[in-house]
Amino acid sequence: MEKEIKISEIKNAARESFEEVKGLQGGKNADYIPYLANIDSNLFGLSVTLLDGTCFNFGDTEYKFGIESVSKVPTAILAMIQHTPKGVLEKIGADATGLPFNSIFALLLENDHPSTPLVNAGAIAACSMVAPQGDSRDKWKAITENITELCGSAPELIDELYESETATNFNNHAIAWLLKNYNRIYDNVDMSLDLYTRQCSLGITCSQLAIMGATIANGGFNPVTKKQTFEKEIAPKITSMIASVGFYQHTGDWLYTSGIPAKTGVGGGVMGIMPGLFGIAAFAPPLDEAGNSVKAQAVIKSFMNKLDLGIFNGDKVKIIPD
Ligand code: GLN
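Report follows, based on the coordinates. (Residues numbered from 1 in each chain as written. Predicted model: local features only at pLDDT ≥ 70, side-chain atom pairs only at ≥ 80, totals over all residues. Heavy atoms only, no water.)

1. Here's the deal with the sheet that holds strand β11 (residues 278-283)
Turning to step 1, where the next piece is worked out: With antiparallel pairing, the 5 strands of this open sheet are ordered in space as β3-β2-β11-β10-β9. The strands lining the two open edges of the sheet, one partner per strand, are β3 (55-59) and β9 (262-264). Neighbour to neighbour, the strand axes of the sheet diverge by 10° on average, direction disregarded.
Turning to step 2, where the next piece is worked out: Pairing of β9 with strand β10 (residues 269-274), which is carried by 3 bridges, proceeds in the antiparallel orientation. Paired with K263 across the two strands is M271, which belongs to β10.
Turning to step 3, where the next piece is worked out: The sheet strands contacting helix α10 (residues 206-217) are β2 (45-50), β3, β10 and β11, and the helix crosses β11 at an angle near 150°.
Turning to step 4, where the next piece is worked out: In the packing of helix α13 (residues 294-306) onto the sheet, contacts are made with β2, β10 and β11, and the angle to β11 comes to roughly 145°. (Pairing = 2+ DSSP bridges. Helix = DSSP H or I, 4+ residues; strand = E, 2+ residues; numbered from the N terminus. Axes fitted to C-alpha atoms, helices over the stretch in contact; angles between N-to-C directions. Contact = heavy atoms within 4.5 Å.)

Here is the structure:
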């Protein structure tokens, strides 16, 4: 079915969803990373970026929070830019694990394969793939410059978060060394883990994440900076990964109820991609038991349901001016 949605309808749906979900209780901040435990749990933001560059922002959309696992998306894109989508498929994989983000069991089950760059094992492997090999400074530059291109503005390292994660990431050390054992890490182990930890500790805003989502939804063309950031063929590849594993063991439930591929992080951020239409991001620190923001999930679902949108709906949707 052909379906037309006015820009004002999108703005109103976002505002109404934000107001509805604002008072929602439940969940608690991630506490396995000490810095995150202390973030104000009342922070809440919702941003939508359309493919003509229009941005709608409600609430705390300029607060810099830890990007955490959402950083796995831009670095997977970077690995695809540098090594092609096929190269990433061969070296890491594009499969769902159905298990928590930090699962060692998943790595053992997959017979030495990290499955996807969107869980910890695959993300550490993706950091190891980033060129130039062996050079931590230049690899870091490539990772942050890529995020800057996708968002249209630079992320900023939260030093305290980086120190906090570095002091407590024992499980990720185990994953990194298992990858080494299976020849699935492609650079120095400690360096690759450090790059992963550092990228998770980048501060990002809700509005930046919505622009990144819109850039992916727009085939790599950043609608705000008007720059092509990656080859169009990468967009469906990264979106399929997000659709299959963006919420880890709850990805099926998420896609079923929200209709939008999205990626979460334990900093409280969720970034959604509606191909050909918009990017959306929400942020609120309290998480459910799987490490996904309670309010961010609720507000994106409410927005999608209000507009009766979903990637599987089969509608030809056009966003039109008022
Ligand atoms: N840095 C966190 C970790 O590796 C990221 C996890 C997440 O956001 N799901 O544990």
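More follows now that the structure is in view.
2. Focus on the site of the ligand
Turning to step 1, where the next piece is worked out: In the vicinity of the ligand, the residues found are Y32, E68, S69, F101, N120, E165, N172, Y196, C200, Y248, G265 and V266.
Turning to step 2, where the next piece is worked out: The contact in question runs from a nitrogen atom of the ligand to an N or O atom on the side chain of E165, over 2.8 Å.
Turning to step 3, where the next piece is worked out: Within the side chain of N172, a nitrogen or oxygen atom sits 3.0 Å from an oxygen atom of the ligand.
Turning to step 4, where the next piece is worked out: Considered on its own, the ligand offers 300 Å² of accessible surface; in the complex 98% of this is hidden by protein. (Near = heavy atom within 4 Å. Polar contact = N/O pair within 3.5 Å; in protein donor to acceptor, adjacent residues only side chain to side chain. Areas by Shrake-Rupley, 256 points an atom, 1.4 Å probe, with all protein chains shown as cover.)

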